[in-house]
Amino acid sequence: MGSQNKNTGNLFLVTALVLFMSSIVFGFLSSLIYRYPEFLKDSIGLSGLRPMHVTAAIFWILLAATGVIYRSLEAPANQSKLGLLPWLHWILWVIALIGIYYSYAVGSFGGREYWEYPPVFALLIGIAWILFLIAFIVRIKSIKKWPVYVWMWLTGIVYFLFIFIENYLWVIPYFRESFVKDMVIQWKAAGSIVGAYNMLVYGTAFYVMEHISKQANTGFNKWAFALFFLSLFNMLFNWGHHLYLVPTNPGIHYVGYLVSMTEWVFFIKIIYNWKKQITEAETHFHYFPYRFLLAANFWMFFNLTLALFMSIPVINLYMHGTHFITAHAMGTTIGINTMILLAAVFYFLVPKKEHHQSRLLKAGFWGVQISLLIFLIALMGMGLTKSLWFFEEPQAPFFEMMARSKFWIILFIFSGTSLMISFFLLVIPLFVHPFRQKPVSLKRIYKNESTHQKT
Amino acid sequence: MTSFMNRWIPITFMLLSVAFLLFSWSIYVDENIYENKPADYDAQLQKQGRLVWQKYNCHVCHQLYGLGGFLGPDLTNVSQKGFHYVDAFLKNGAASMPALELTEEETQQLFEFLKATNASGSSNPKDYRKLWNGMIEQ
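Not measured: the values here are computed from a predicted model.

## Re the overall build of chain B
Here is step 1: What chain B contains, in helices and strands, is 4 helices and 4 strands.
Here is step 2: Reading the helices (α) and strands (β) of chain B from amino to carboxyl end gives α-α-β-β-α-α-β-β.
Here is step 3: When its C-alpha atoms are laid out on the principal axes, chain B stretches across 70 × 35 × 30 Å.
Here is step 4: A total of 138 residues make up chain B; the buried ones form 30% of that total.
Here is step 5: Considering only intrachain contacts with a sequence separation of at least 6, the fraction spanning at least 24 residues in chain B is 59%.

Given below as structure tokens:
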């Protein structure tokens with residue numbers, strides 16, 4: 001049974017890594033369109049490439065978190081068997097993925113931001129998610145006292161399902177009667193669903209942290225539960241900050257504003273924990289799962305600062321509708337979610353510290369951090385250019401504003417390319433390592449590959 | 001202390017979940033605040049127009065109230081420039097925008113949808129007032 005869980009978990013992790021690499025490649029191709037508008041214009045274009053990029057990025061998070069949960073809750077011998085359920089779960093995802101990417105390739109879209117595929121594939125994903133919920137409940141029912149990460153995973157799985165259904169209310173004509181109402185529900189779901197899969201990712205961070213530090217009480221810490229409830233509160237009620245400019249019920253704006261301000265607690269807590277983490281870093285720094293968690297913490301500080309300012313409506317007015325929003329979305333997806341998930345992927349697929357000694361791996365890690373910083377600066381530069389354009393009098397035509405962003409766009413493409421290469425250095429060995437009979441150092445994998453190429 | 005936590009964790013979870021469901025329900029059934037100028041557009045056609053917007057994945061490059069992709073301009077109030085302006089872009093494309101092969105019916109539906117977005121308000125940040133508490137409003 002344990003072996004079956006391990007195999008299914010690894011299968012989800014490797015599938016997620018394929019999506020992750022696809023997301024990077026599609027993102028790179030999409031970025032070129034900003035500089036070369038004719039690139040792929042009359043074939044797939046940005047209308048096809050961006051959904052391919054975004055879908056792969058979101059599904060990387062979902063499937064990696066799923067793999068982590070299967071691996072984390074590896075069943076003891078006495079636990080009830082799940083039979084073929086995890087395999088069926090994986091097969092449904094694969095069928096949905098093939099269908100979704102075929103639809104994108106032929107230009108068939110559902111056309112909702114972040115979930116652009118035709119809604120029929122949502123049915124497959126929904127059924128797959130129900131199977132996941134069943135598998136999860138079967139696994140946790142024997143655990144007497146749930147650590148915080150089990151609560152986070154449960155919350156993430158249950159709420160993802162609810163919000164995923166809400167995300168498709170638009171197929172019922174009643175919800176399209178009013179454009180604004182449709183938009184409110186769309187962004188309510190979009191905001192909360194990010195919170196739901198963040199729960200899966202943050203649960204993963206707590207799990208990996210507990211197992212690296214080998215302190216069994218980390219998952220029962222009072223602060224951990226306080227932060228869990230604060231995250232839940234924000235997941236459920238802070239989505240109104242997406243809608244400050246949309247002329248809807250002011251109550252929605254005020255709830256979003258007030259709830260978002262509670263995130264200052266996270267901000268203060270990160271600063272408070274900083275010194276302790278530096279001490280821990282001295283012990284674990286050469287272990288890649290820890291290094292990724294530390295990086296996630298830095299990016300959380302960076303993104304939370306941006307998010308807190310964006311959540312204040314008068315400041316949001318200058319940032320909304322600009323690339324500041326993209327910087328925030330990319331910063332959280334790459335800087336926080338991806339760092340945490342890579343920590344977990346390394347933890348499960350390459351568990352031994354002595355297997356992490358590789359110069360290329362270190363170069364990949366630092367390449368990612370530096371490229372990401374430049375990438376986010378470039379996006380914020382584009383955002384600032386657009387923000388100034390919004391308020392100028394008289395306002396120049398749109399294409400002129402885009403022309404003013406030329407420097408930032410070039411920086412965006414170069415840093416994006418560097419980010420892609422750095423991620424490949426980190427991720428490629430992860431495909432090789434778990435399938436070897438006898439796991440070896442990643443340094444040796446690189447060495448073997450280069451020797452092989454020479455011959 | 002542990003038993004206190006064991007008891008309160010599920011209770012707090014349930015209370016937050018119930019509050020969320022009630023809040024969500026109030027949004028689903030709220031009919032009063034959403035229609036600014038329904039007479040300015042054909043309500044049935046705009047509903048279909050929303051689907052045309054989605055079918056051609058317009059949001060990938062364009063925004064409504066600043067929400068969407070940033071390769072092209074915000075289209076919340078573009079219908080103010082008239083049907084022929086919109087139609088010309090749809091038929092001929094632009095720098096990075098391909099010419100789209102919409103049917104006449106689809107073009108009409110899409111334009112009604114854009115009239116509905118225009119009737120709902122302005123997406124221009126200059127049209128917002130700043131309040132003492134940090135909030136903004138049109």
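We are not done yet, so read on.
## Regarding the overall build of chain A
Here is step 1: A count of helical and extended segments in chain A gives 16 helices and 0 strands.
Here is step 2: Within the span of chain A, comprising 455 residues, buried residues form 49% of the whole.
Here is step 3: Of the contacts formed within chain A by residues at least 6 apart in sequence, a portion of 80% connects residues at least 24 apart.

## Concerning the nonpolar core
Here is step 1: Counting 123 residues, the largest nonpolar core has Tyr197(A), Ile340(A) and Val345(A) as the members making the most contacts within it.
Here is step 2: Considering every element that reaches this core, the biggest residue donor is helix H12 (residues 323-349) of chain A, with 17 residues.

## Regarding the interface of chain B and chain A
Here is step 1: Counting residues at the interface gives 48 residues for chain B and 58 residues for chain A.
Here is step 2: Elements with a contribution of two residues or more to the side of chain B that touches chain A: helix H1 (2-29), helix H2 (43-55), strand E1 (63-64), strand E2 (67-68) and helix H4 (104-120) of chain B.
Here is step 3: When residues in the side of chain B that touches chain A are grouped by element, the largest group, 7 residues, is from H1(B).
Here is step 4: The residue makeup of the side of chain B that touches chain A, split by class, is 24 nonpolar, 16 polar and 8 charged.

## Description of the confidence of the model for chain A
Here is step 1: Here chain A shows a mean pLDDT of 88. Residues at 70 or above account for 89%.
Here is step 2: Contacts from residues 445-455 of chain A, a stretch scored under 50 in pLDDT, to residues over four places away or in other chains number 7 contacts.

## With respect to helix H3 (residues 85-105) of chain A
Residues spaced three or four apart along an α-helix point in a common direction, a consequence of the helix completing one turn every 3.6 residues.
Residues and elements named next belong to chain A.
Here is step 1: Between the first and last C-alpha of H3 there are 30 Å, a value that for 21 residues agrees with the 30 Å anticipated at 1.5 Å per step.
Here is step 2: Among the residues of H3, those classed as buried are Pro86, His89, Trp90, Leu92, Trp93, Ala96, Leu97, Ile100 and Tyr104. Buried positions in H3, seen along its axis, are confined to an arc of 155° and lie on one side of it. The exposed set on the far side of H3, more than 90 degrees from its buried face, consists of Ile98, Tyr102 and Ala105.
Here is step 3: With its phi angle positive at about 80°, Gly107 sits one or two positions after the end of H3.

## A few points about the environment of Gly134(B)
Here is step 1: Looking at the element boundaries, Gly134(B) is found in the loop between strand E3 (129-130) and strand E4 (136-137).
Here is step 2: On the basis of neighbour count, Gly134(B) is assigned to the partly exposed category, with 14 C-beta atoms found within 10 Å.
Here is step 3: Ignoring any residue separated from it by four or fewer positions in sequence, one finds Gly134(B) in contact with Ile312(A), Pro313(A) and Val314(A).

## Observations concerning the confidence of the model for chain B
Here is step 1: Confidence in the prediction of chain B, expressed as mean pLDDT, is 90, and 91% of residues score 70 or more.
Here is step 2: Both scores are given for the predicted complex: the pTM is 0.92, the ipTM 0.93.

## Structural notes on unusual backbone geometry
Here is step 1: The omega angle of the peptide bond from Glu393(A) to Pro394(A) is -10°, so this bond is cis rather than trans.
Here is step 2: The backbone phi angle of Tyr65(B) is positive, close to 50°, even though this residue is not glycine.
Here is step 3: Counting through the fold element by element, Tyr65(B) comes out in the loop between E1 and E2.

## Thoughts on the packing of H3(A) against helix H4 (residues 120-140) of chain A
Residue and element names in this part refer to chain A.
Here is step 1: One can describe the packing of H3 onto H4 by two numbers: an axis separation of 9 Å at closest approach and a directional angle of 160°. One way to sum up the angle between H3 and H4 is to call them roughly antiparallel. The hand of the H3/H4 crossing is left-handed. Each of Leu85, Pro86, Leu88, His89, Leu92, Trp93, Ile95, Ala96, Gly99 and Ile100 in H3 lies in contact with H4, whose residues at this interface are Phe121, Leu124, Ile125, Ile127, Ala128, Leu131, Phe132, Ile134 and Ala135.
Here is step 2: In terms of residue class, the contact of H3 with H4 is built from 17 nonpolar, 2 polar and no charged.

## Considering H2(B)
Here is step 1: The end-to-end C-alpha separation of H2(B) is 19 Å, in line with the 18 Å expected for 13 residues at 1.5 Å each.
Here is step 2: Considered for burial, the residues of H2(B) that qualify are Gln46(B), Lys47(B), Gly49(B), Arg50(B), Val52(B) and Trp53(B).
Here is step 3: On its buried face, H2(B) sits against helix H6 (179-213) of chain A together with H4 of chain B.
Here is step 4: Looking one or two residues past H2(B), Asn57(B) carries a phi angle of roughly 55°, positive in sign.

## Quick word on the packing of helix H2 (residues 45-72) of chain A against H3(A)
Residues and elements named next belong to chain A.
Here is step 1: Where H2 meets H3, the closest approach of the two axes is 11 Å, and the angle between their N-to-C directions is 175°. Regarding the angle of H2 to H3, the classification is roughly antiparallel. Contacts between H2 and H3 involve Gly48, Pro51, Met52, Thr55, Leu63 and Tyr70 from the former and Pro86, Trp93, Ile100, Tyr101 and Tyr104 from the latter.
Here is step 2: Of the residues that constitute the contact of H2 with H3, the class distribution is 9 nonpolar, 2 polar and no charged.

## Brief notes about the environment of Tyr102(A)
Residues and elements named next belong to chain A.
Here is step 1: Positionally, Tyr102 belongs in helix H3.
Here is step 2: A tally of 12 C-beta atoms within 10 Å means that Tyr102 is categorised as exposed.
Here is step 3: Here the alpha-carbon distance between Tyr102 and Phe160, two residues 58 residues apart in the chain, equals 25 Å.

About the criteria used
Residues numbered from 1 in each chain as written. Chains lettered and ligands numbered in written order. Predicted model: local features only at pLDDT ≥ 70, side-chain atom pairs only at ≥ 80, totals over all residues. Helix = DSSP H or I, 4+ residues; strand = E, 2+ residues; numbered from the N terminus. Buried ≥ 20, exposed ≤ 12 C-beta atoms within 10 Å, placed from the backbone. Contact = placed C-beta atoms within 7 Å. Core = buried A, V, L, I, M, F, W, Y, C linked by C-beta atoms within 7 Å. Nonpolar A, V, L, I, M, F, W, Y, C, P; charged D, E, K, R; others polar. pLDDT = per-residue confidence, 0-100. Expected span 1.5 Å × (residues − 1). Arc of directions from axis to C-beta. Axes fitted to C-alpha atoms, helices over the stretch in contact; angles between N-to-C directions. Parallel < 35°, antiparallel > 145°, perpendicular 65-115°, else oblique. Left-handed = near helix turned anticlockwise from the far one by under 90°.

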